[in-house]
Amino acid sequence: MVISRYNKLFEVEGKYFVYNSSSKALLEIDDTTKSFLKGDTKEIGEDLEEVLYNNGIVTESHNFETGRMINNMNNVKYDTKRPSVFLSLTPSCNLNCVYCYQDARKDLHECNQFLTPENWAEIFSYLQKTVKETQAEALTVFLFGGEPMLKSSLLEEYIKEIRTLDTRVILVLITNGTLFNEDNVDFYCKNIDSIQITMDGMKETHDKLKPYMDGRGSFDVILNNIKLLEHHDVQELTLRINLDQNTLPSVYQFVDYLCDNGINKGITAVKFAPIFSTQNEILGCSHSNENSLSPELLGELYIYAAKKGLRTFKDFDNGLCVGKVQNGFSIDEKLNVYACPGVLYQEPSAVLKNNEIVIKDEKWYQFLNDDSDCIKSCEYAPICFGGCKWSKECNKRLYDAAFEKILQAYVISFYL
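Trainee: Quick question: what am I supposed to make of unusual backbone geometry here?
Mentor: Note: most residues except glycine have negative phi, and most peptide bonds are trans. Cis geometry is found at the peptide bond from G145 to G146, where omega equals 25 degrees. Positionally, G146 belongs in the loop between β7 (138-144) and α6 (152-162). Positive phi outside glycine occurs at K24, with the angle close to 70 degrees. On the secondary structure map, K24 appears in the loop between β3 (15-20) and β4 (26-29). Looking at K24, the relative accessible area reads 31%, which means it is partly exposed. The phi torsion at N354 lies on the positive side, around 50 degrees, for a residue other than glycine. Along the chain, N354 turns up in the loop between β14 (350-353) and β15 (356-359). Residue classification places N354 among the exposed residues on the basis of a relative accessible area of 67%.

Below you can see the structure in the form of structure tokens.
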């Protein structure tokens with residue numbers, strides 16, 4: 001037996017824990033186990049060894065656990081029973097976020113496009129066929145844009161129809177949060193499994209980053225709608241906070257504001273996301289951002305938020321993205337199909353036609369098949385899966401600096 005290289009040993013408030021990124025096991029451990037995992041003790045009892053083995057903390061060999069990890073990853077990658085769809089209902093948006101990564105969407109000359117009932121019928125027919133042919137156990141649909149709630153009445157009709165599919169349907173709404181109101185909030189709270197909203201700091205900072213098209217700030221509207229969703233018992237509400245070095249102080253103030261005013265109680269989890277490059281920058285291989293947030297500071301922010309009372313997102317257990325699974329894709333309102341949501345409104349890899357996805361670009365297969373060599377050697381492979389194919393960035397520096405703190409924050413959030 002050897003100690004798994006996918007373990008992360010860490011301390012929180014005098015208690016010791018180990019997390020294995022391959023098995024997803026999180027265990028509180030005693031001094032004996034800690035000494036063994038650190039290499040200070042060579043022998044442990046059979047009962048303890050069995051517990052550690054069953055949780056992947058110890059394994060036959062590093063080659064064995066790497067092979068098992070890759071096999072488990074492929075089981076997910078080629079699983080036909082759980083299809084997933086990233087559905088962009090429109091490239092249009094009522095906000096003009098200064099850091100929006102979707103250059104291709106912003107470059108479109110046509111305005112006010114939205115998924116028509118005719119094109120929705122094509123998509124729904126394909127989903128019906130997929131569910132039936134694969135005998136799907138679950139279907140996950142991410143409702144995205146632009147802003148997917150721009151035509152709420154149409155979106156509501158599409159959601160009702162999705163709910164009639166003969167399988168378990170998981171609906172995730174990714175929205176800027178400006179368009180909820182007393183007339184529609186009950187519908188979304190009852191019919192959407194998870195709603196993600198973005199706010200980027202206190203009012204002055206947020207309004208500079210996320211203004212309306214006419215320059216007005218959106219902070220007050222979104223914050224009031226978060227309260228509205230909480231009041232109407234939203235099923236799951238996650239808050240994404242995008243930030244860089246300059247906005248970090250405002251984000252700390254915002255964390256204080258949410259917790260001091262009890263708004264944090266209705267938020268399922270918060271995710272802090274460093275502002276990243278735009279589509280055109282990535283195409284041009286430019287990832288420069290002089291104000292980018294250091295990973296060390298990101299980890300400290302997670303700890304602070306957890307101690308204040310915000311539950312933090314499981315950034316270490318996201319699973320494979322839709323771009324890396326065979327039975328997953330992204331589709332826009334014109335029935336263009338993409339391997340990855342990161343490339344929406346750029347050159348599509350396929351098109352939905354006559355109830356079939358017609359693939360016309362080798363990039364479709366590259367996203368699925370081109371696994372990075374680092375998967376076989378990197379300790380973070382079970383959570384990174386070789387990095388993002390779209391952004392082409394290695395996450396090792398981020399995980400080296402912040403992974404332990406993110407784990408500590410999660411334990412504080414949910415267990416202490």
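After that view of the structure, there is still more to cover.
Trainee: What is the right way to read the packing of helix α5 (residues 117-134) against α6 from this model?
Mentor: Helix packing geometry: the angle between the two helix axes and the distance between the axes. Following both chains from N to C, one finds α5 and α6 inclined at 20 degrees, their axes separated by 12 Å at the closest point. Regarding the angle of α5 to α6, the classification is roughly parallel. Crossing geometry of α5 relative to α6 is assigned as right-handed. Between α5 and α6, the residues in contact are P117, W120 and F124 and L154, Y158, E161 and I162, respectively. Looking at the contact of α5 with α6 residue by residue, the classes come out as six nonpolar, no polar and one charged.

Trainee: What is the right way to look at the environment of G67 in this model?
Mentor: Assignment of secondary structure puts G67 in helix α3 (residues 62-77). For the pair G67 and K376, spaced 309 residues apart in sequence, the C-alpha to C-alpha distance is 8.3 Å.

Trainee: Which parts of the structure should I look at to understand the pairing of strand β12 (residues 328-331)?
Mentor: The two faces of the sheet receive side chains in turn, since in a regular strand these alternate between them. Burial of β12 is two-sided: the residues G328 and S330 facing one way and the residues F329 and I331 facing the other way are all buried. For strand β6 (residues 84-88) and β12, the ladder comprises four bridges, and the chain directions are parallel. When the sheet's bridge partners are listed, V85 is paired in β12 with F329. Across two bridges, β12 lies against strand β13 (residues 336-338) in antiparallel orientation.

Trainee: Help me understand the sheet that holds β4, please; the structure alone is not making it clear to me.
Mentor: Strands in a sheet are paired, the pairing made by backbone hydrogen bonds, and the direction either parallel or antiparallel. Read from one edge to the other, the open sheet built from three strands follows the order β2-β3-β4, with strand pairing classed as antiparallel. Each edge of the open sheet is held by one strand with a lone partner, namely β2 (7-12) and β4. In this sheet, adjacent strand axes meet at a mean angle of 25 degrees when their direction is disregarded. Sheet analysis places β2 next to β3, joined by six bridges and oriented antiparallel. Among the inter-strand pairings, L9 is bridged to a residue of β3, identified as V18.

Trainee: For this particular structure, what's the right way to read the pattern of salt bridges?
Mentor: In a structure, side chains of opposite charge can pair up when their charged atoms sit close to one another. Evaluation of the coordinates by the stated rule reveals 12 salt bridges. Taking the shortest distance from any N to any O, the salt bridge between K77 and D371 comes out at 3.0 Å. Highlighted residues: K77 in helix α3 and D371 in the loop between α13 (363-369) and α14 (381-384), separated in sequence by 294 residues. K77 sits in the buried class, given a relative accessible area of 2%. In this structure, the salt-bridge partner of D193 is R163, at a minimum N-O distance of 2.9 Å. Taken together, the positions of D193 in the loop between α7 (185-191) and β9 (194-198) and R163 in the loop between α6 and β8 (168-175) put the pair 30 residues apart, joining distant regions of the chain. Via salt bridges that share partners, K203, D207 and D220 belong to a single interconnected network.

Trainee: Got a minute to help me understand empty space enclosed by the protein in this structure?
Mentor: Vacant regions in the atomic arrangement are exposed by a probe of water-molecule size rolled over the atoms. Overall, the coordinates contain two cavities of 30 Å³ or more when judged by the stated rule. Empty space within the largest cavity amounts to approximately 40 Å³. Around the largest cavity, the lining residues are Y6, N7, K8, Y19, S21, E379, Y380 and F403. Across the lining of the largest cavity, the residue classes break down as four nonpolar, two polar and two charged. Approximately 30 Å³ is the volume attributed to the second largest cavity. Of the residues forming the lining of the second largest cavity, the biggest block, three residues, is contributed by strand β10 (residues 237-243). Class assignment for the residues of the lining of the second largest cavity results in two nonpolar, two polar and two charged.

Trainee: How do you make sense of the packing of aromatic side chains when you look at a structure like this?
Mentor: By convention here, two paired aromatic rings are described through the distance between centres and the angle between planes. Applying the stated criterion to the full structure yields 17 aromatic pairs. With centroids separated by 5.7 Å and ring planes inclined at 85 degrees, the aromatic side chains of F180 and Y188 adopt a geometry described as edge-to-face. When its relative accessible area of 4% is taken as the criterion, F180 is described as buried. Relative to Y415, the ring of Y410 lies with its centre 6.0 Å away and its plane at 75 degrees, an arrangement referred to as edge-to-face. For Y410, a relative accessible area of 9% puts it in the buried group. An aromatic cluster is built from Y19, Y380, Y399 and F403, whose rings are joined through pairwise contacts. In this arrangement the basic side chain of K34 is found over the ring face of Y16, its NZ or CZ atom lying 4.0 Å from the centre. If you follow R216 out to its NZ or CZ, it ends over the ring of Y212, 4.3 Å from the centre.

What counts as what
Residues numbered from 1 in each chain as written. Predicted model: local features only at pLDDT ≥ 70, side-chain atom pairs only at ≥ 80, totals over all residues. Heavy atoms only, no water. Helix = DSSP H or I, 4+ residues; strand = E, 2+ residues; numbered from the N terminus. Buried < 20%, exposed > 50% of the residue type's maximum accessible area, 1.4 Å probe, protein only. Axes fitted to C-alpha atoms, helices over the stretch in contact; angles between N-to-C directions. Parallel < 35°, antiparallel > 145°, perpendicular 65-115°, else oblique. Left-handed = near helix turned anticlockwise from the far one by under 90°. Contact = heavy atoms within 4.5 Å. Nonpolar A, V, L, I, M, F, W, Y, C, P; charged D, E, K, R; others polar. Pairing = 2+ DSSP bridges. Salt bridge = Lys/Arg side-chain N within 4 Å of Asp/Glu carboxyl O. 1 Å grid on protein atoms, 1.4 Å probe; cavity = no way out; pocket = protein on both sides within 12 Å on 5 of 7 lines; lining within 4 Å. Points joined across faces, edges and corners; volume = space filled by probe spheres on them. Phe/Tyr/Trp six-rings, centres within 6.5 Å; stacked < 30°, edge-to-face > 60°. Lys NZ or Arg CZ within 6 Å of the ring centre and 35° of its normal.

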